[in-house]
Amino acid sequence: MASSLPLHHPSHCLISNPQLQGFNYGGSPRPRFSFTTKDTDKGTRIQPIKAKAATTEASPFPLLQSPRAEDSPSELEPADPDFYKIGFVRSMRAYGIEFKEGPDGFGVYASKDVEPLRRARVIMEIPLELMLTISQKLPWMFFPDIVPVGHPIFDIINSTDPETGWDLRLACLLLYAFDREDNFWQLYSDFLPSADECPSLLLASEEELSELQDPNLASTMREQQRRALEFWEKNWHSGVPLKIKRLARDSERFIWALSMAQSRCIGMQIRIGALFQDSNMLIPYADMLNHSFQPNCFLHWRFKDRMLEVMINAGQRIKKGDEMTINYMSGQQNNMLMQRYGFSSSVNPWDVIQFSGNARIHLDSFLSVFNISGLPQEYYHNNRLSSGGDTFVDGAVIAAARTLPTWSDGDVPPIPSMERRAIKELQEECRQMLAAFPTNSKEDQNILDSMPDATRTLEAVVKYRLHRKLFIEKVMQALDLYQERILF
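Please read all numbers here as calculations on a predicted model, not as lab measurements.

1. Regarding the pattern of salt bridges
Applying the stated rule across the entire model yields 20 salt bridges. Put simply, Glu206 and Arg222 hold a salt bridge, and the shortest N to O gap is 2.8 Å. Highlighted residues: Glu206 in helix H4 (residues 206-210) and Arg222 in helix H5 (residues 215-235), separated in sequence by 16 residues. Relative accessible area serves as the criterion here: at 42%, Glu206 is assigned to the partly exposed category. The residue Glu211 makes a salt bridge to Arg465 at a minimum N-O spacing of 2.8 Å.

2. Looking at the environment of Tyr328
Within the secondary structure, Tyr328 is located in the loop between strand S13 (323-326) and helix H8 (334-341). Overall, the relative accessible area of 13% leaves Tyr328 in the buried class. For the pair formed by Tyr328 and His291, sequence separation is 37 residues and the distance between their alpha carbons is 5.9 Å. At 2.5 Å, the side chain of Tyr328 and the backbone oxygen of Leu289 are in polar contact.

3. A word on the environment of Asp287
Within the secondary structure layout, Asp287 lies in the loop between strand S9 (275-282) and strand S10 (290-291). Overall, the relative accessible area of 2% leaves Asp287 in the buried class. One polar contact links Asp287 to Tyr188, side chain to side chain, over a distance of 2.8 Å.

4. Let's talk about the sheet that holds strand S11 (residues 297-302)
Pairing is antiparallel across the open sheet formed by four strands, whose spatial order is S2-S5-S12-S11. Two strands bound the open sheet, and with one partner strand each, they are strand S2 (93-94) and S11. Here S11 runs beside strand S12 (residues 307-312); their pairing, made up of six bridges, is antiparallel. Counted as the bridge partner of Cys297 is Ile312 from S12.

5. Quick word on the side chain of Asn235
Mapped onto the elements, Asn235 comes out in helix H5. Within the structure, the side chain of Asn235 is placed 2.9 Å from the backbone oxygen of Phe231, a separation counted as a polar contact. Setting aside residues up to four positions removed in sequence, Asn235 forms contacts with Ile156, Ser159, Val240 and Ile244.

6. What about the environment of Phe184?
Secondary-structure assignment places Phe184 in helix H3 (residues 184-188). For the pair formed by Phe184 and Glu129, sequence separation is 55 residues and the distance between their alpha carbons is 8.6 Å.

7. Thoughts on the confidence of the model for the protein chain
Per-residue pLDDT for the protein chain averages 85, and the proportion of residues at 70 or more is 80%. Taking the mean pLDDT of every element in the protein chain, the minimum, 48, falls on strand S1 (residues 47-51) and the maximum, 98, on H5. A low-confidence stretch, residues 49-67 (pLDDT under 50), is modelled with 62 contacts involving residues beyond four sequence positions or located in other chains.

8. Considering the nonpolar core
In this structure, Met124, Trp236, Phe254 and Met324 are the most contacted members of the largest nonpolar core, which totals 92 residues. With 10 residues, helix H2 (residues 166-179) is the largest single contributor of residues to this core. For Phe254, the contacting residues outside a window of four places in its chain are Leu168, Ala171, Cys172, Leu175, Ala228, Phe231, Trp232, Trp236 and Ala248. If you look at the next biggest cluster of nonpolar residues, it comprises 34 residues, including Phe366, Ile372, Ala422 and Phe471.

9. What about unusual backbone geometry?
Residue Leu138 is joined to Pro139 through a cis peptide bond whose omega torsion reads -5°. Looking at the secondary structure, you find Pro139 in the loop between strand S6 (132-135) and strand S7 (142-143). Residue Pro144 follows Phe143 across a cis peptide bond; omega there is -10°. One can find Pro144 in the loop between S7 and helix H1 (152-158). The phi dihedral of Asp182 falls on the positive side, at around 70°, and the residue is not glycine. By secondary structure assignment, the location of Asp182 is in the loop between H2 and H3. For Asp182, a relative accessible area of 35% gives the class partly exposed. The phi angle at Arg306 is positive, at roughly 55°, despite the residue not being glycine. Locating Arg306 in the fold gives a position in the loop between S11 and S12. For Arg306, a relative accessible area of 39% gives the class partly exposed.

10. Side note on the packing of aromatic side chains
What the rule picks out here adds up to 15 aromatic pairs. Centre to centre, the rings of Phe184 and Trp185 are 6.1 Å apart; their planes meet at 85°, and the pair counts as edge-to-face. For the pair Phe184 and Trp185, one class covers both residues: buried. Between Phe184 and Tyr188, the ring centres sit 5.5 Å apart and the planes meet at 20°, which makes this aromatic pair stacked. A residue pair is termed a helical-turn pair when its members lie 3 or 4 positions apart in one helix, as Phe184 and Tyr188 do in helix H3 at four residues. Note on accessibility: Phe184 and Tyr188 belong to one class, buried. Ring pairs connect the aromatic residues Phe184, Trp185, Tyr188 and Tyr285, which therefore count as one cluster. In this arrangement the basic side chain of Lys100 is found over the ring face of Tyr109, its NZ or CZ atom lying 5.1 Å from the centre.

Calculation notes
Residues numbered from 1 in each chain as written. Predicted model: local features only at pLDDT ≥ 70, side-chain atom pairs only at ≥ 80, totals over all residues. Heavy atoms only, no water. Salt bridge = Lys/Arg side-chain N within 4 Å of Asp/Glu carboxyl O. Helix = DSSP H or I, 4+ residues; strand = E, 2+ residues; numbered from the N terminus. Buried < 20%, exposed > 50% of the residue type's maximum accessible area, 1.4 Å probe, protein only. Polar contact = N/O pair within 3.5 Å; in protein donor to acceptor, adjacent residues only side chain to side chain. Pairing = 2+ DSSP bridges. Contact = heavy atoms within 4.5 Å. pLDDT = per-residue confidence, 0-100. Core = buried A, V, L, I, M, F, W, Y, C linked by side-chain atoms within 4.5 Å. Phe/Tyr/Trp six-rings, centres within 6.5 Å; stacked < 30°, edge-to-face > 60°. Lys NZ or Arg CZ within 6 Å of the ring centre and 35° of its normal.

See the structure below:
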């Protein structure tokens, strides 16, 4: 869109179209993730930021004005007014959504009902100028190109491993953007979580890592922390120029930036002119979308004007107040989600239990009992075959269908006595897994309830081990129900 402002000159208006009516918008960092429960009965306060759909009528009030108390039925406090003033030549636009902040972070919610359509519907548009992107392969290319020729930060980026150093490169780029005068991220950084608010295990202490009750994950995170510290010591020593030293004067600052890069990076292919580029991207405002294993939105690159679109799935019915979500990493177990984002879920349909015995159950019978359809990599619960009150099947049961040892031999039916024996053996192995943990699920839940002031990392750690135990218990319950429904 036309503007007389220079490319990176900040303005004080988030919306550049004066014909948008009633359009207040703001945004903030991504997610602390939708899997968390929001207990409104306990006084959880969620902070609304409203964005109304655009119209062609003249705006009846100044766009800089933050929402008035009477504009929102919520009892929660309004957002920081500065949040509305972040804007550049092209600003982000949002349609029919509102942003809310609670104790677990920001989220994006529908501000009105959306009827299912044959086409996907846009709810956010974010221009390339506001992003930080770097190519995934050599030669390193930046969009927009904010790194000047000869700046030493490029030498640091260039020293990373081309195959595994994507997060280090993005962290360096983020720190440089914070330091660059008039850069969008200087303002947006005020809305990123601090080290105390971030659940990333990169920021966890040794005591917190020992509480994971997962030696492999704890060892992986210690290695990640050591890698980050060595990189900082190598490139931020006492002899570096001041323009580099001030980016991360201590290791904690760099490790925090690395946790931001890991937890907020979106990898996708973008097209700029005739160039197709696989890029790692930090996308403001879209990073507020929380994760779901059954998302109602997706991301789309609109190459004609270099814009990223957040779109509602075609045919998706949205009710006012529903959360808008995307899928961060499809097909990943909880340990990978915990390592990258600092969260886990008890209903992850991709979680796995490693069984060591020889017991097997009949696959087709198990799927039939729980009305699970599709191929193994695309299992889903067929609601049309279930009774209205059946709420047992969730992501954990889908994961059980994938992870339980099974057999199938054409049209050969299961033998009841053999199925009973296999179920007992599998349940006994699950009991042994649970007994190997120092604590049980009830104790973990009591720990969570008794430490409201715990650090975000410790809270994430206890939830991770709790979710592991709840998953194993759910598998045992599924085996019991399978035995009841198929054998009697």
